[in-house]
Amino acid sequence: MKIQLSISLLASNRAASLERCLDSLKPLLMKVPSELIVVFTGQDERVREIAAKYTDHIIPFTWCDNFSAARNVGLWAAKGEWFLYIDDDEWFDDVTEICDFFLSGAYLNYGSACYKQRNYSDWNGVRHSDFHAFRMAKIVPGIGFQNAIHEEIVPQLEPCKYFDAYVHHYGYVSKTGAKTNEEKTSRNVPLLLESIKERPSYVKNYLQIVLEYCGSEEWEEAEKYCRKGRELCKGTGDTEYQRWLQVNLIESIYHQGDPERTRREAEAILKKENPPGLVKLELARMLVGVYDEKRDPEGMLKYGTLFEKTLVSMDQDPQLWRKQQYGDLTEEKVKSIGRLLWLRLKCTEAALEVGDAKRATDFLLRLPWEEESQMQQYYPLFDQWKRMYGECFQELLKEFPAHSPYLALQKVQEERISSEEKQALLMQSMDGTESFYLQQQAVEKAVLSEQNLSILTDTMDLDTWKRCVPDIVAAFPLEESEKLWNAVESLRQGARVYGLWLEKALWERELVRGYQIHPELIEALRAYVECVLSFYKLQYREEMFERENRNLLSKDCRFVLLLDEALKSVEEMKLPEAVRLFRLAIAYYPTMTGVIREVIRHMAVEADNPALGAGEEFQALAQQMKAALHTMLDNRQYPEAMAIVNQLSPLLPEDLEFLRMRQQVWRQMTE
């Protein structure tokens, strides 16, 4: 039986990624009549040991700065009908499609094939771009690799099969996590410059060096080689490379910070060169950005409209996407959700700015309304539009899809709407999104309209509620706190934990901004302590509050536990101990520093005030002396009154009645 597929792997010293690569090839090696050839260019024996687990066909190769030479070693050793090559820092996600291609016999009808390379721009694996890499070919006489760098198989036989299967590739992310891989660029550029010197008319070298310069953000060099490549394309009539160079020329100019030159050259290409749809789409997108920087909404709308019309045209004939793509100039790139959202939102706003609700609607309805996870990030922007564009935005709002949680929340504010309808709309807005921004607004509106908050909190986890509460409390002035306290009461039955957290925030605001004085301040602190301890005791077992376990509690809970001890010391008149505990508490919750400082100030006054610690006899004597002072003031006996004042001043520093009389005596004595 014939070997259908030879898989050649170029292995250097990357032991960490090699095994993942080999593991992803196992289904191919197990299901398809195939062989694995490892061309070993490194010196790390761990690499050889890992490769030997999967194949005994390991060919050592001394690296000579020539990728084609290394690839050809694997190709010349291949015994299969087809050849597939891969690098040791790539691995397949799923090879089922490729397996079926060979097992079904479909491979007999093709001369070459491309699978996708998914290039990541950071290590978190979120941002990436895909392009079809020509990595598979039927083995025919004369087949071989060319180019020292960015090697390719020639000839590329038609027809070509395009797979959706892809390999993961982090090779363009640097080891330090930067967006561009300077190490790889510094290696590749000299090789490409040497190749250009040897073969100045080989267009693909210009594309590859542009790619390297763009990756390292050397935009002037990228522009220079784009222009050289374009001149060669004009002479050869190569439209595939020309398309890619058209787009990258404009991108390299744009990144040099020259929007006016970007506009001129992009519009010249559109007008004079009549590029195909894929290029039009990319140029139109960039021109929307240029006109956005120029603050020209009509220009944005012109090219936004061109983009949408071209997109519809391309989708009507899906083969156009495949025929026109090259490298990273692909349908996936054009349709990436981030790019589409950006363009459509920008154009919606441009239409609002010129007061054109109809055109705004055209762009708005193209947003992915069924993908709430995508839409929710733009709710703050919608609110901004509401403030800026008034009536025009209200016209646009009528076109929002009926299921939109944002629309439901806006309807809550409408007049002539019953309490039951408000409750239903609030529930719709809460159920339909995970947007913290929208959930917070829904709770705030529920408080304002005095709705049943416990129904809303059923859809909100406690962590989200805890994040939400500070901003809701901050939105209400102190003098309008009654509705918030009513909300606490409404939560007591159905969602007590949620109510206690809201109460905690309200007590903190009362204490920090309420300017209470003794003894109201102490009473407020006691209520605060009771509230916070109740909140945590509903969630934790009693043993969590034992002294040896307190480090496991949150800092605000530890703060309140110390506060509780300090207040008990105040009651027992153990003032030095109370001060020590208060000062320890501040370290856990600095937010309450001002409050604790004020408590300590009052305690210092108490400690220096003999009247506060005196018995009933002293209090009775003080009252008699104040009565005598009143009589002296009525009889204008000011010198005698002054003598009484001097005696009482150190004894009654907190007595407001005496304070007023003291000032009266002083005024009369100075007249």
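What you see is a predicted model; the values in this text were computed from it and never measured.

**Student:** Could you give an account of the confidence of the model for the protein chain, with specific residues and numbers?
**Tutor:** Residues at a pLDDT of 70 or more form 94% of the protein chain, whose mean pLDDT is 89. Here residues 176-180 scores under 50 on pLDDT; set against residues more than four positions off or in separate chains, the count is 10 contacts.

**Student:** Please provide a residue-by-residue account of the packing of aromatic side chains, values included.
**Tutor:** Per the counting criterion, the structure on display carries 34 aromatic pairs. Relative to phenylalanine 102, the ring of tryptophan 82 lies with its centre 6.0 Å away and its plane at 85 degrees, an arrangement referred to as edge-to-face. Placement of tryptophan 82 in strand 4 (residues 82-87) and of phenylalanine 102 in helix 4 (residues 96-103) is noted, with a sequence separation of 20 residues between them. In this pair, the class of tryptophan 82 matches that of phenylalanine 102, namely buried. An aromatic cluster is present here, built from Trp369, Tyr379, Phe382, Trp385, Phe393, Phe400 and Tyr406 joined pairwise through their rings. Seen from the ring of tyrosine 202, arginine 199 lies directly overhead, with NZ or CZ sitting 4.0 Å from the centre. When the ring centre of phenylalanine 436 is taken as reference, the NZ or CZ atom of arginine 467 above it lies at 3.8 Å.

**Student:** Before we move on, could you go through the environment of glycine 594 and cite the residues and values that matter?
**Tutor:** Note that glycine 594 resides in helix 28 (residues 593-607). Taking relative accessible area as the criterion, glycine 594 reaches 45% and is therefore assigned partly exposed. A sequence separation of 82 residues divides glycine 594 from valine 512, and the C-alpha atoms of the two residues are 6.9 Å apart.

**Student:** Residue-level account of the sheet that holds strand 1 (residues 5-11), with values.
**Tutor:** Spatial strand order, 3-2-1-4-7-6-10-5: eight strands in an open sheet with mixed pairing. Bordering the open sheet on either side are strand 3 (58-60) and strand 5 (90-92), each of which pairs with just one other strand. Within the sheet, the average angular offset between the axes of one strand and its neighbour, ignoring direction, is 30 degrees. Judged from the seven bridges that link them, strand 6 (residues 112-120) and strand 10 (residues 160-169) form a sheet pairing that is parallel. Bridging across to strand 10, lysine 116 finds its partner in tyrosine 166. Packed on one face of the sheet, helix 2 (residues 45-52) meets strand 1, strand 2 (34-40) and strand 3 and runs near 155 degrees to strand 3.

**Student:** If you had to explain the pairing of strand 2 to someone new, which residues and values would you point to?
**Tutor:** Buried residues dominate strand 2, accounting for six of its seven residues. Sheet topology note: the strand 1/strand 2 ladder contains seven bridges and is parallel. Among the inter-strand pairings, leucine 9 is bridged to a residue of strand 2, identified as valine 38. Viewed along the sheet, the connection from strand 1 through helix 1 (residues 15-31) into strand 2 turns out right-handed. Both strand 2 and strand 3 contribute to a ladder of three bridges, which runs parallel. What sits directly across from valine 38, in strand 3, is isoleucine 58.

**Student:** Account for the side chain of histidine 132, with residues named and values stated.
**Tutor:** Residue placement: histidine 132 occurs in strand 7 (residues 128-138). Looking at histidine 132, its side chain comes within polar contact range of the main-chain oxygen of phenylalanine 163, at 2.9 Å. Leaving out residues up to four positions away in the same chain, histidine 132 has contacts with Cys114, Tyr115, Lys116, Tyr162, Phe163, Arg322, Gln325 and Gly327.

**Student:** So what's going on with the side chain of arginine 135? Residues and values would help.
**Tutor:** Take arginine 135: it is sitting in strand 7. On the accessibility criterion, arginine 135 (8% relative accessible area) is buried. At 2.9 Å, the side chain of arginine 135 and the side chain of tyrosine 115 are in polar contact. Not counting residues within four places of it along the chain, the set of residues in contact with arginine 135 comprises Phe83, Leu84, Tyr85, Ile86, Glu90, Ala113, Tyr115 and Gln117.

**Student:** Describe the pairing of strand 10, and please don't skip the residues or the numbers.
**Tutor:** For strand 10, the buried fraction is high: seven of the 10 residues fall into the buried class. In terms of strand pairing, strand 5 meets strand 10 through three bridges, oriented antiparallel. Bridged to tryptophan 91 within strand 10 is histidine 168.

**Student:** Any details on the packing of helix 17 (residues 379-397) against helix 20 (residues 436-448)? Residues and values, ideally.
**Tutor:** Closest axis-to-axis distance for the helix 17/helix 20 pair is 9 Å, and the angle between their directions is 60 degrees. Viewed along their axes, helix 17 and helix 20 adopt a mutual orientation that is oblique. Of helix 20, the residues touching helix 17 (which contributes Tyr379, Pro380 and Asp383) are Tyr437, Leu438 and Gln441. A per-class count over the contact of helix 17 with helix 20 returns four nonpolar, one polar and one charged.

**Student:** Hey, could you go over the pattern of salt bridges for me, with residue numbers and the actual values?
**Tutor:** Tallied over the entire structure, the rule returns 51 salt bridges. The partner of glutamate 523 in a salt bridge is arginine 526, with the nearest N and O atoms 2.8 Å apart. Remark: arginine 526 and glutamate 523 occur in helix 25 (residues 520-537); sequence separation between them is three residues, near one turn of the helix. A relative accessible area of 47% means that glutamate 523 is categorised as partly exposed. Among the ionic contacts, a cluster of salt bridges with common partners joins Glu223, Arg227, Asp258, Arg261 and Glu265.

**Student:** A description of the environment of isoleucine 196 should follow, citing residues and the corresponding values.
**Tutor:** Counting through the fold element by element, isoleucine 196 comes out in helix 5 (residues 182-198). With near-sequence residues (within four places) excluded, isoleucine 196 lies in contact with Asn205, Tyr206, Ile209 and Tyr225.

Basis of the calculations
Residues numbered from 1 in each chain as written. Predicted model: local features only at pLDDT ≥ 70, side-chain atom pairs only at ≥ 80, totals over all residues. Heavy atoms only, no water. pLDDT = per-residue confidence, 0-100. Contact = heavy atoms within 4.5 Å. Phe/Tyr/Trp six-rings, centres within 6.5 Å; stacked < 30°, edge-to-face > 60°. Helix = DSSP H or I, 4+ residues; strand = E, 2+ residues; numbered from the N terminus. Buried < 20%, exposed > 50% of the residue type's maximum accessible area, 1.4 Å probe, protein only. Lys NZ or Arg CZ within 6 Å of the ring centre and 35° of its normal. Pairing = 2+ DSSP bridges. Axes fitted to C-alpha atoms, helices over the stretch in contact; angles between N-to-C directions. Right-handed = clockwise from strand over helix to strand, strands pointing away. Polar contact = N/O pair within 3.5 Å; in protein donor to acceptor, adjacent residues only side chain to side chain. Parallel < 35°, antiparallel > 145°, perpendicular 65-115°, else oblique. Nonpolar A, V, L, I, M, F, W, Y, C, P; charged D, E, K, R; others polar. Salt bridge = Lys/Arg side-chain N within 4 Å of Asp/Glu carboxyl O.

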